[in-house]
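Descriptive analysis of the structure
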Amino acid sequence: MSALARTTLAIERDLLEKFDAWMAKHSYASRSEAVRDLMRNTLVEQEWASPGAEVLAVLSIVFDHGKHTLSQALVHIQHEAHHCILCSQHVHLDRHRCAEVIVMQGKAGQLRRLGEAIIATRGVRAGKLTLMSTSV
Ligand code: NI
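What counts, and where the lines are drawn
Residues numbered from 1 in each chain as written. Predicted model: local features only at pLDDT ≥ 70, side-chain atom pairs only at ≥ 80, totals over all residues. Heavy atoms only, no water. Donors = N, O, S within 2.8 Å, 3.2 Å for Na, K, Ca; no water. Buried < 20%, exposed > 50% of the residue type's maximum accessible area, 1.4 Å probe, protein only. Domains from an automatic or database assignment. Phe/Tyr/Trp six-rings, centres within 6.5 Å; stacked < 30°, edge-to-face > 60°. Pairing = 2+ DSSP bridges. Helix = DSSP H or I, 4+ residues; strand = E, 2+ residues; numbered from the N terminus. Axes fitted to C-alpha atoms, helices over the stretch in contact; angles between N-to-C directions. Salt bridge = Lys/Arg side-chain N within 4 Å of Asp/Glu carboxyl O. Patch = residues over 30% accessible without salt bridge, like charges linked within 9 Å, V, L, I, M, F, W, Y side chains within 5 Å. Areas by Shrake-Rupley, 256 points an atom, 1.4 Å probe, with all protein chains shown as cover. Contact = heavy atoms within 4.5 Å.

Surrounding the nickel ion are the protein donor atoms His90 (NE2), His92 (ND1) and Cys98 (SG), at 2.1 to 2.4 Å. In the primary structure, the donors to the nickel ion are separated according to the pattern H-x1-H-x5-C. By relative accessible area, histidine 90 is classed as partly exposed at 32%. A relative accessible area of 63% means that histidine 92 is categorised as exposed.

When the domains of the protein are assigned, the result is domain 1 (13-48) and domain 2 (54-132). In this structure, domain 1 and domain 2 have C-alpha centres spaced 30 Å apart.

Another point: the packing of aromatic side chains. Applying the stated criterion across every chain yields a total of two aromatic pairs. An angle of 20° between the planes, with centres 5.7 Å apart, marks the rings of tryptophan 22 and tyrosine 28 as stacked. Linked through ring pairs, Phe19, Trp22 and Tyr28 together constitute an aromatic cluster.

With antiparallel pairing, four strands are arranged side by side in an open sheet as S2-S3-S1-S4. A strand with exactly one partner marks an edge of an open sheet, and here the two such strands are strand S2 (85-92) and strand S4 (124-132). Across the sheet, the mean angle from the axis of one strand to that of its neighbour is 15°, orientation sign disregarded. Pairing of strand S1 (residues 54-64) with strand S3 (residues 97-107), which is carried by eleven bridges, proceeds in the antiparallel orientation. Directly across from aspartate 64, in S3, lies its bridge partner arginine 97.

Right, let's talk about the pattern of salt bridges for a bit. Scanning all chains against the criterion turns up six salt bridges. Across the salt bridge formed by arginine 36 and glutamate 33, the nearest N and O atoms sit 2.8 Å from each other. Of this pair, arginine 36 and glutamate 33 both sit in helix H2 (residues 31-48), three residues apart, which is roughly one turn of that helix. Classification of glutamate 33 as partly exposed rests on a relative accessible area of 29%.

Moving on, we get to a nonpolar patch on the surface. A cluster of nonpolar side chains, namely Leu9, Ile11 and Leu15, defines an oily patch on the protein surface of about 280 Å² accessible area. Its place among the elements puts leucine 15 in helix H1 (residues 13-25). Assessed through its relative accessible area of 45%, leucine 15 is described here as partly exposed.

Where S1 lies against S4, eight bridges are found, and the strand directions are antiparallel. Bridge assignment links serine 60 to a residue of S4, and that residue is lysine 128.

The next subject is the environment of alanine 108. Secondary-structure assignment places alanine 108 in helix H4 (residues 108-120). For alanine 108, a relative accessible area of 0% gives the class buried. Placed 60 residues apart in sequence, alanine 108 and tryptophan 48 show a C-alpha to C-alpha distance of 5.6 Å. Here alanine 108 is in contact with Glu47, Trp48, Ser50, Pro51, Ala53 and Val55, once residues within four sequence places are set aside.

Now the structure itself:
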């Protein structure tokens, strides 16, 4: 972590009150930490807007274990993209449903397409691609 720099911000009183309420709701103990996280999130979003940027992503899916061709399809997609899959964790939720968390690293455009392809696979009930960064 680099050294901290101090700065002063001029903010409308009502905006600051709303921000403090947001902070409290999200368990932040200090304005500095809350502002730093918002700044980092903005920079991560900017990174993801560049398709060639090297980024990190976490894909979470819930799918129906009963459709055996689906499990094969999901494994096939991941083998085809093995160079950007760092690891995956499978959880048997109940007799019928499975959850999987897949951690990926690679080019932003490629990871977005891969995540969308997995989520759009028939039988995947829900999916969320969380965009992260290795550089913030
Ligand atoms: Ni399972």
